[in-house]
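# Overview (structure and organization)
Listed below are the residues making up each chain.
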Amino acid sequence: MAIISDFQEDEAPPRQEQATAGGADVEEALAALLERCGGALPFLQAAIGVAHRRAGLFRDPSAVSKVTSMAAAARAQVEAEERAAREAKRKAEEAERKAAAEAEKAAKAAAAASAAPAAEEKPESSAEKDSMEVDKKEEGNVRQPNAGNGLDFEKYSWTQQLPEVNITVPVPEGTKSRFVVCDIKKNHLKVGLKGQPPIIDGELYKPVKVDDCFWSIEDGKSLNVLLTKHNQMEWWKSVIKGDPEVDTQKVEPESSKLSDLDPETRQTVEKMMFDQRQKQMGLPTSDEMQKQEILKKFMAEHPEMDFSGAKMA
């Protein structure tokens, strides 16, 4: 599990930058040599060879660990930059979803206001009331998804895409990462603040890839948790088992995300979306339509056979 925390919690004493013309010349020379060597790995191999032959670097028993540490530090910087880029992208997408949700909410409010007089004129019969009660009982814990295909609760909200789940937990303003308790396991999630009862604590709806999950503090007032699904081809009904569930028949994948998928995965997702819409309208799925076409073709090719008892799937 990776953690993005507020690295600047305590002010560090100022450091003077020492950038000299000689340093710039050295970097330009190394860059030119890097290009001549044909890539980073041949360049590093040549540099290590020179350090070994001319300076006896590897006579020092700790040389290998020092070189490895430098490489690990460079890799950590790259990972931090990648995480920051993903987080910035996620925040932009979240802002777009919130704007779309507000617009949809306003449109629904306007439609409800115009439909209210007509609804008042039509009293509900006892049969209709009974039917509504039955529907509510059948729905049980299932709710309409929010704009991000998740749900909004009092203590936290969550959204999802096929590959991942994003959880937002409001925390007191000024909260630092050292006050946060966030334990992400393959099948369990615990989130809260030290010294207080957990805000989220339970078994996850489905397993996650722990090494690809991380959390961060946003503006000191919200805790964001990103969970990478182990199975990235299914929608979650909830984050924690037993919590109210989202109606996965009404989730809407973002078209922009479909374009990021490889052709085979995109075809599978589009087929799932088509079949979902067909079922909602009481129409045959793609597999059922294919069976119907095969049967029609067979019947056309064999008119001498009696198909009076055959049923179309």
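Structure first, text after, so check above.
Let us look at the structure shown here. (Residues numbered from 1 in each chain as written. Predicted model: local features only at pLDDT ≥ 70, side-chain atom pairs only at ≥ 80, totals over all residues. Heavy atoms only, no water.)

### Considerations on the overall build of the chain
Convention followed: In DSSP terms, a helix is any run of H or I states spanning at least four residues, a strand is any run of E spanning at least two, and both are numbered starting from the N terminus. Only the protein chains shown count as cover for residues, and all accessible areas are computed by the Shrake-Rupley method using a 1.4 Å probe.
Counting its regular elements, the chain contains seven helices and eleven strands. Total accessible area computed for the chain in this model is approximately 21900 Å², and 54% of it derives from carbon and sulfur atoms.

### Here's the deal with the sheet that holds strand S8 (residues 200–203)
The condition is simple: Here, a strand pair is defined by DSSP locating no fewer than two bridges between the strands. Helix axes are fitted to C-alpha atoms over the stretch in contact, other axes to C-alpha atoms as well, and angles between N-to-C directions run from 0 to 180 degrees.
The three strands are arranged S6-S7-S8 in an open sheet whose pairing can be described as antiparallel. Only two strands of the sheet have a single neighbouring strand rather than two, namely strand S6 (180–184) and S8. In this sheet, adjacent strand axes meet at a mean angle of 5° when their direction is disregarded.

### Let's talk about a nonpolar patch on the surface
Keep this limit in mind: Only residues whose relative accessible area exceeds 30% and that form no salt bridge enter a patch; like-charged residues are grouped when within 9 Å of one another, and nonpolar side chains (Val, Leu, Ile, Met, Phe, Trp, Tyr) when within 5 Å. Salt bridges are defined by distance alone: a side-chain nitrogen of Lys or Arg within 4 Å of a carboxyl oxygen of Asp or Glu. For the exposure calls, accessible area comes from a 1.4 Å probe over protein chains only, and a residue counts as buried if that area is under 20% of its type's maximum, exposed if over 50%, partly exposed in between.
A cluster of nonpolar side chains, namely Ile48, Leu57, Phe58 and Val64, defines an oily patch on the protein surface of about 310 Å² accessible area. On the secondary structure map, Leu57 appears in the loop between helix H2 (40–55) and helix H3 (63–121). You can call Leu57 partly exposed: its relative accessible area is 34%.

### Digging into the pairing of strand S9 (residues 214–218)
Looking down a regular strand, the side chains alternate between one sheet face and the other. Counting buried positions along S9 yields five of five residues, so the element is predominantly enclosed. Of the two faces of S9, the one lined by Phe214, Ser216 and Glu218 and the one lined by Trp215 and Ile217 are each fully buried. Sheet analysis places S9 next to strand S10 (residues 222–228), joined by five bridges and oriented antiparallel. Following the sheet pairing, Glu218 is matched in S10 by Ser222.

### Focus: the pattern of salt bridges
Two side chains bearing opposite charge may form a pair once their charged atoms approach each other closely. Scanning all chains against the criterion turns up ten salt bridges. One salt bridge in this structure joins Arg90 and Glu87, with 2.7 Å as the shortest N-O distance. Separated by three residues within a single helix, Arg90 and Glu87 lie in helix H3, roughly one turn from each other. Classification of Arg90 as buried rests on a relative accessible area of 7%.

### Re the pairing of strand S7 (residues 188–193)
As paired elements, S6 and S7 share five bridges and run antiparallel to each other. Residue pairing for S7: Val180 is matched across the bridge by Leu193. Count of turn residues in the S6/S7 antiparallel hairpin: three residues. Here S7 pairs with S8 via four bridges, running antiparallel. Residue pairing for S8: His188 is matched across the bridge by Glu203. Hairpin connection of S7 to S8: six residues between the antiparallel strands, including Gly195 at a positive phi of 80°.

### What about the packing of aromatic side chains?
So the rule is basically this: Note on aromatic pairs: the rings of Phe, Tyr and Trp (six-membered ring only in Trp) are paired at centre separations within 6.5 Å, and the planes decide the class, stacked below 30 degrees, edge-to-face beyond 60, tilted for the rest. Any Lys NZ or Arg CZ that is within 6 Å of a ring centre and within 35 degrees of that ring's normal is treated as a charge sitting over the ring.
The final tally for this structure, using the stated rule, is two aromatic pairs. Between Phe153 and Tyr156, the aromatic rings sit 5.1 Å apart at their centres with planes inclined by 65°, giving edge-to-face as the arrangement. Owing to a relative accessible area of 22%, Phe153 belongs among the partly exposed residues under this scheme. The aromatic ring of Tyr205 is capped on one face by Lys206, whose charged end is 5.7 Å from the ring centroid.

### What about the environment of Lys229?
Defined as follows: Pairs of N or O atoms within 3.5 Å make up the polar contacts considered here, provided that, within protein, one atom can donate a hydrogen while the other can accept it, and that residues adjacent in sequence are counted only when both atoms are side-chain atoms.
Looking at the element boundaries, Lys229 is found in the loop between S10 and strand S11 (245–246). Taking relative accessible area as the criterion, Lys229 reaches 0% and is therefore assigned buried. Note: C-alpha distance between Lys229 and Lys209 (20 residues apart in sequence) is 6.1 Å. There is a polar contact of 3.0 Å between the side chain of Lys229 and the backbone oxygen of Glu234.

### Some words on the nonpolar core
The test is simple: In this description, a nonpolar core means a group of buried Ala, Val, Leu, Ile, Met, Phe, Trp, Tyr and Cys residues linked to one another through side-chain atoms lying within 4.5 Å. Contacts are assigned to residue pairs that have any heavy atoms within 4.5 Å of one another.
Of all hydrophobic cores here, the largest spans 27 residues; its most connected members are Ile167, Leu189, Leu223, Val225, Leu227 and Val239. Of all elements in the fold, only strand S5 (164–170), S6, S7, S9 and S10 reach the threshold of two or more residues within this core. The contact partners of Leu223, leaving out residues within four places of it in the chain, are Ile167, Thr168, Val169, Val171, Val180, Val191, Trp215, Ser216 and Ile217. Core analysis: the second largest hydrophobic core is formed by five residues, Leu162, Val251, Val269 and Met273 among them.

### Notes on H2
For clarity, the cut-off: The span you would expect from a helix comes to 1.5 Å times its residue count less one.
With 16 residues, H2 ought to run about 22 Å at 1.5 Å a step, and its terminal C-alpha atoms sit 21 Å apart, in line with that. Taken residue by residue, H2 has Phe43, Gly49 and Ala51 as its buried positions. Of the residues one or two after H2, Gly56 is the one with positive phi, at around 65°.

### As for unusual backbone geometry
Even without being glycine, Asn149 reaches a positive phi, approximately 65°. With respect to the element layout, Asn149 can be found in the loop between strand S2 (142–143) and strand S3 (151–152). Taking the relative accessible area as the measure of exposure, Asn149 reaches 6% and is therefore buried. The backbone of Asp219 shows a phi angle near 55°, a positive value even though the residue is not glycine. Relative to the helices and strands, Asp219 is located in the loop between S9 and S10. For Asp219, a relative accessible area of 62% corresponds to the exposed category.

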